[in-house]
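Examination of the molecular architecture
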Amino acid sequence: MYAVHGSTLVAAHPAPPPPRESRRNPYARVFARPGTVGFTLGGLLARLPMGMFTVSAVLMLAGERGSYALAGSVTATGLAATALAGPLVARLVDRYGQARAALPATLLALLGSLALVVCVRTHAPDWTLFAAYAATATTPNTGGMARARWAHLLRGDPAARHTANSFEQAADELCFMLGPVLATFLCTALFPEAGTLAGCGLLLAGTLLFLAQRSTEPPPGRGHAHAGPAPLRQPGMPALLLVFLATGAVFGALEVVTLAHADGEGHRAAAGAVLACQAAGSALAGLAFGALPAARSDRHRLAGCVAAMAVLMSLPLLVSLTAPLPLLAAALLVAGMATAPTMVTGMALVQRLTPAGRLNEGMTLAVTALLGGIAAGSAAGGWATEALGSAGWAYTVPLAAAACAAALATLLAARPSPG
């Protein structure tokens with residue numbers, strides 16, 4: 001697919017064939033290429049804080065200012081700022097290269113996090129909290145940069161690219177599973193600011209290690225790659241972003257409803273572990289999905305994956321109404337198994353629709369749509385919990401969002417492919 005996408009990718013030397021002993025194991029095959037282990041380790045370190053910062057900010061602000069409403073408003077402001085700044089940062093990364101653009105953006109985001117800690121410790125006015133947390137919106141999309149590297153390295157091998165994208169999705173799920181647990185432990189066992197400070201250290205170390213792997217970095221997409229239409233104007237992209245928006249609503253509603261349900265059952269401390277089961281199921285499914293052959297049609301596979309997600313989202317609703325919390329955790333584990341295949345296929349379709357020189361921008365648009373959906377789903381889940389109680393009926397919200405995503409994906413699959 002990427003072998004015909006302009007000179008920015010074709011100009012690089014083709015990757016050497018993998019060693020013979022790695023051909024049977026698809027993951028050994030992709031990691032046999034030089035530099036891939038290094039940027040993967042750096043990417044994991046840089047992504048782990050993405051699952052830490054929001055939880056750390058909420059715990060820090062609620063603990064020091066005594067207001068969950070203030071904490072939620074501050075983090076929501078950061079989410080909105082990220083939705084605005086993310087595509088702009090990604091465009092700079094595509095245009096000037098990952099090493100030149102991502103490091104300054106990361107340093108600015110770190111200053112925002114450190115400023116938030118200082119404002120909390122010095123009892124600064126509330127408005128300073130919003131300004132400081134909004135500055136963290138320049139954090140680069142490390143997952144998108146990693147996928148861009150795989151697309152560059154594996155441009156002539158769709159099967160290996162599918163495996164690499166599946167691994168990246170499993171890595172995302174792992175980070176979002178471990179991040180909140182680590183943040184909660186640090187903020188409660190040490191001091192309220194510990195989670196944010198640890199996240200800053202991990203983000204800086206991971207970004208430096210990731211960007212140090214220059215041999216795997218795709219070349220900057222200057223010149224003709226940016227003369228074409230923006231990713232948002234590509235045929236099929238707006239409809240795909242609507243699918244991501246509805247999918248994000250599933251995630252946001254599921255998180256809030258599960259936290260409220262566990263609290264209503266008298267097991268608030270176990271809520272994080274219950275949510276982690278959903279991420280664990282997704283991570284396991286992502287690794288297994290990577291061993292499957294690449295799809296002939298990403299649109300049709302996406303429709304099938306989202307339909308499976310909609311069916312499986314009925315499990316938390318049914319179990320929450322009739323069974324105790326441990327069985328709900330098991331239901332979330334199973335329900336999560338459709339998440340990674342959905343995200344892997346959706347991101348593969350984003351890569352297919354996006355010009356080669358603007359991959360980071362295209363994938364960041366998808367992440368922005370997800371964030372918007374998460375925010376909307378969180379609000380809807382919170383409203384449903386208040387209106388329907390914590391008995392389990394609020395799980396109708398993520399189920400309805402999944403059904404909406406399935407309908408949108410089906411309409412997308414029914415459209416003729418461009419070109």
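All values reported here derive from a predicted model rather than from experimental measurement.

About the thresholds
Residues numbered from 1 in each chain as written. Predicted model: local features only at pLDDT ≥ 70, side-chain atom pairs only at ≥ 80, totals over all residues. Heavy atoms only, no water. Salt bridge = Lys/Arg side-chain N within 4 Å of Asp/Glu carboxyl O. Helix = DSSP H or I, 4+ residues; strand = E, 2+ residues; numbered from the N terminus. Buried < 20%, exposed > 50% of the residue type's maximum accessible area, 1.4 Å probe, protein only. pLDDT = per-residue confidence, 0-100. Contact = heavy atoms within 4.5 Å. Arc of directions from axis to C-beta. Core = buried A, V, L, I, M, F, W, Y, C linked by side-chain atoms within 4.5 Å. Polar contact = N/O pair within 3.5 Å; in protein donor to acceptor, adjacent residues only side chain to side chain. Axes fitted to C-alpha atoms, helices over the stretch in contact; angles between N-to-C directions. Parallel < 35°, antiparallel > 145°, perpendicular 65-115°, else oblique. Nonpolar A, V, L, I, M, F, W, Y, C, P; charged D, E, K, R; others polar.

**A closer look at the pattern of salt bridges**
A complete count under the given rule lists 2 salt bridges for this structure. When the shortest N-O distance is used, the salt bridge between Glu-193 and Arg-121 registers 3.4 Å. Pair noted here: Glu-193 is in the loop between α9 (158-189) and α10 (194-212) and Arg-121 is in helix α6 (residues 98-121), with a separation of 72 residues, a long-range link. A relative accessible area of 52% places Arg-121 in the exposed class.

**Structural notes on the environment of Met-145**
Turning to its location among the elements, Met-145 is positioned in helix α8 (residues 142-153). Judged by relative accessible area, which is 3%, Met-145 ranks as buried. Along the backbone, Met-145 and Gly-97 are 48 residues apart, and their C-alpha atoms lie at a distance of 10.0 Å.

**Concerning unusual backbone geometry**
Of note, His-123 is a non-glycine position whose phi angle comes to about 55°, a positive value. The topology assignment puts His-123 in the loop between α6 and α7 (126-134). For His-123, a relative accessible area of 59% translates into the label exposed.

**What about the confidence of the model for the protein chain?**
Should pLDDT be low for a region, the predicted coordinates there are not to be read in detail. Confidence in the prediction of the protein chain, expressed as mean pLDDT, is 78, and 85% of residues score 70 or more. When mean pLDDT is compared element by element in the protein chain, α10 scores highest at 90, while helix α1 (residues 7-10) scores lowest at 33. When the criterion is pLDDT under 50, residues 1-15 qualifies, and its contacts beyond four places in sequence or with other chains add up to 29 contacts. This stretch, residues 223-227, has a pLDDT under 50; its non-local contacts, to residues over four places away or in other chains, come to 11 contacts.

**A closer look at α7**
Within α7, burial applies to Thr-128, Leu-129, Ala-132 and Tyr-133. Taken down its axis, α7 places every buried residue within 125° of arc, on the same side.

**Comments concerning the nonpolar core**
With 52 residues, the main nonpolar core has Leu-240, Phe-244, Leu-302, Val-306 and Val-350 as its most contacted residues. Within the residue set of this core, elements represented by two or more residues are α11 (237-264), α13 (298-312), α14 (314-322), α15 (325-335), α16 (339-353), α17 (359-388) and α18 (396-414). No other element matches α11, which puts 13 residues into this core. For Leu-302, the residues in contact, after removing those within four places along its chain, are Leu-240, Val-243, Thr-342, Thr-345, Gly-346, Leu-349, Ala-409 and Leu-412. With 19 residues, the next largest nonpolar core counts Met-60, Leu-129, Ala-132 and Cys-200 among its residues.

**Let's talk about the side chain of Glu-217**
With respect to the secondary-structure elements, Glu-217 resides in the loop between α10 and α11. Take Glu-217: its relative accessible area is 12%, and that puts it in the buried class. A polar atom in the side chain of Glu-217 sits 2.8 Å from the backbone nitrogen of Gln-98. Within the local environment of Glu-217, its side chain forms a polar contact with the side chain of Arg-214, the two groups lying 3.0 Å apart. Excluding its chain neighbours within four sequence positions, the residues that come into contact with Glu-217 are Gly-97, Gln-98, Ala-99, Arg-149 and His-152.

**Considerations on the packing of α14 against α15**
Between α14 and α15, whose axes approach to 8 Å, the crossing angle comes to 175°. As the angle between them shows, α14 and α15 are arranged roughly antiparallel. Facing Leu-315, Pro-316, Val-319 and Ser-320 of α14, the residues of α15 in contact are Leu-327, Leu-328, Ala-331, Leu-332, Val-334 and Ala-335. Among the residues forming the contact of α14 with α15, the class breakdown is 9 nonpolar, 1 polar and no charged.

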